[in-house]
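Chains, contacts and geometry: an overview
So you can see what is in the structure, the chains are spelled out below.
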Amino acid sequence: MFRINFHCKRFFCKAVKWAVLGMIPIASLTSCDFWSKKKCEWYITPDLDRRSLAKPGWATVCLKNYRLGKQKCYMTIRIETAESLINKPIRYADMDVDETTMPRVIHSAKACQN
């Protein structure tokens, strides 16, 4: 972390300091979708390294966002559903994921209409 040292005795300097520090929480609140979970930027891709975790009839997958460079693995999905969604853009927020299990289970997901 970085440390901000504001030592000023003038009124103008103090006003600027409080204005800057007051804008930080407001700026963080306005960027509600920081991880792009509501955008059609996520892709379901096969996860061949963890295929031993899947039950018969299920496939292990990763959710990838190539724009952000993020991925979420340790997920399983039914093979029929996975075949229709592989490498198609989806919204992370629209998926029905059971996050209480490990690996996580994707119950439903819908491809975005472009």
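Everything below is about the structure printed above this text.
Now for a look at the structure at hand.

Each value, and the rule that gives it
Residues numbered from 1 in each chain as written. Predicted model: local features only at pLDDT ≥ 70, side-chain atom pairs only at ≥ 80, totals over all residues. Heavy atoms only, no water. Pairing = 2+ DSSP bridges. Helix = DSSP H or I, 4+ residues; strand = E, 2+ residues; numbered from the N terminus. Disulfide = S-S within 2.5 Å. Buried < 20%, exposed > 50% of the residue type's maximum accessible area, 1.4 Å probe, protein only.

1. Structural notes on the sheet that holds strand 1 (residues 42–46)
One open sheet holds the 6 strands; their spatial order is 4-1-2-3-6-5, and the pairing between them is mixed. Unpaired on one side and paired on the other, strand 4 (89–90) and strand 5 (96–98) mark the two borders of the sheet. As judged from the 5 bridges shared by strand 1 and strand 2 (residues 58–65), these two strands associate in the antiparallel manner. Bridging across to strand 2, Tyr 43 finds its partner in Lys 64.

2. Side note on the state of the cysteines
Overall, the coordinates contain 2 disulfides when judged by the stated rule. Between the sulfur of Cys 62 and that of Cys 73 lies a disulfide, 2.0 Å long from S to S. Negative torsions about the S-S bond denote left-handed disulfides, and the value of about 105 degrees found for Cys 62 with Cys 73 makes this one right-handed. Note that Cys 62 is positioned in strand 2 and Cys 73 in strand 3 (residues 70–78), a separation of 11 residues in sequence. The class for Cys 62 is buried, based on a relative accessible area of 3%.

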